[in-house]
Amino acid sequence: MTSADPSTRAAAPEQPYEIRPALPRDVREIRDLVEPYAQQRILLAKELVGYYESVQEFEVAQDATGALIGCGAVHVMWADLAEVRTLAVHPAWRGRGVGHALLGSLVERARRLGLKRLFCLTFEVDFFAAHGFRAIAGTPVDTEVYAELLRSHDDGVAEFLDLARVKPNTLGNTRMLLDL
């Protein structure tokens, strides 16, 4: 048996971006990535302070120049449940695997946290289905957990619970769940 000469092996193509945890210095770029989607009512709009408060939930995709080209977050909602939130990719980078890489990283983060289920509320049903999410009806928690979640002031939790005050944000979205 002979070993291959390393100089003759084809090099794997280098990924033109990296996925990493978000830092406070990234917050304004995250907001700028999300803003066009929020204006189209695809993603939930947030105040800048909301991004700073949740920066530790975010992963970002950064291109070779250091610019952010995508973002996404995992928001823990309960002992076994989290939501994939604010998954956005710069329009120039759509269709190049950035969203898939970000979602993969977020799913791995959820697993490391010991979660059993990931929820999303999305217009991008095919994208999430390709990652194992399935459409669901209703809210996938028991009545005791539901009652506890009602105490949250978070708009994303209100969307998860399908509360009337956030109905304009949820119209046309599909509720999806991934069992980890």
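Quick caveat, the model's predicted, so the values are computed rather than measured.

Parameters at a glance
Residues numbered from 1 in each chain as written. Predicted model: local features only at pLDDT ≥ 70, side-chain atom pairs only at ≥ 80, totals over all residues. Heavy atoms only, no water. Helix = DSSP H or I, 4+ residues; strand = E, 2+ residues; numbered from the N terminus. Buried < 20%, exposed > 50% of the residue type's maximum accessible area, 1.4 Å probe, protein only. Contact = heavy atoms within 4.5 Å. Expected span 1.5 Å × (residues − 1). Bend = angle between axes of the 7 residues up to and from the residue. Pairing = 2+ DSSP bridges. Axes fitted to C-alpha atoms, helices over the stretch in contact; angles between N-to-C directions.

*Asks:* Can you walk me through the environment of tyrosine 51 in this structure?
*Replies:* Along the polypeptide, tyrosine 51 turns up in helix H2 (residues 48-53). Judged by relative accessible area, tyrosine 51 falls into the buried class, the value being 2%. Along the sequence, tyrosine 51 and arginine 31 sit 20 residues apart, while their C-alpha atoms lie 7.3 Å from each other. Contacts of tyrosine 51, omitting those with residues within four sequence positions, involve Val27, Ile30, Arg31, Val34, Lys46, Phe58 and Thr86.

*Asks:* I'm lost on helix H1 (residues 27-39) in this one. Help?
*Replies:* In a regular helix each residue adds 1.5 Å, so 13 residues correspond to 18 Å; H1 covers 18 Å between its end C-alpha atoms and thus fits that length. For H1, the principal kink sits at leucine 33 and spans about 30°; a proline, proline 36, occurs within the next four residues. For H1, the full list of buried residues reads Val27, Ile30, Leu33, Val34, Tyr37 and Ala38. Positive backbone phi, approximately 65°, marks arginine 41, located one or two places after H1.

*Asks:* Which parts of the structure should I look at to understand unusual backbone geometry?
*Replies:* Glycine aside, residues mostly have negative phi angles, and peptide bonds mostly take the trans form. One non-glycine residue with positive phi stands out, namely arginine 41, at about 65°. Of note, arginine 41 is situated in the loop between H1 and H2. Of note, threonine 86 is a non-glycine position whose phi angle comes to about 50°, a positive value. Along the chain, threonine 86 falls in strand S4 (residues 81-89).

*Asks:* What is the right way to read the sheet that holds S4 from this model?
*Replies:* Consider a sheet: its strands pair through backbone hydrogen bonds, and that pairing is either parallel or antiparallel. Strand order in this open sheet of 7 strands is S1-S2-S3-S4-S5-S7-S6, and the pairing throughout is mixed. The strands lining the two open edges of the sheet, one partner per strand, are strand S1 (17-21) and strand S6 (134-135). The sheet strands contacting H1 are strand S2 (58-63), strand S3 (68-78) and S4, and the helix crosses S3 at an angle near 85°. Seen against the sheet, helix H3 (residues 98-112) touches S1, S2, S3, S4, strand S5 (117-122) and strand S7 (174-179) and runs at an angle of roughly 160° to S4.

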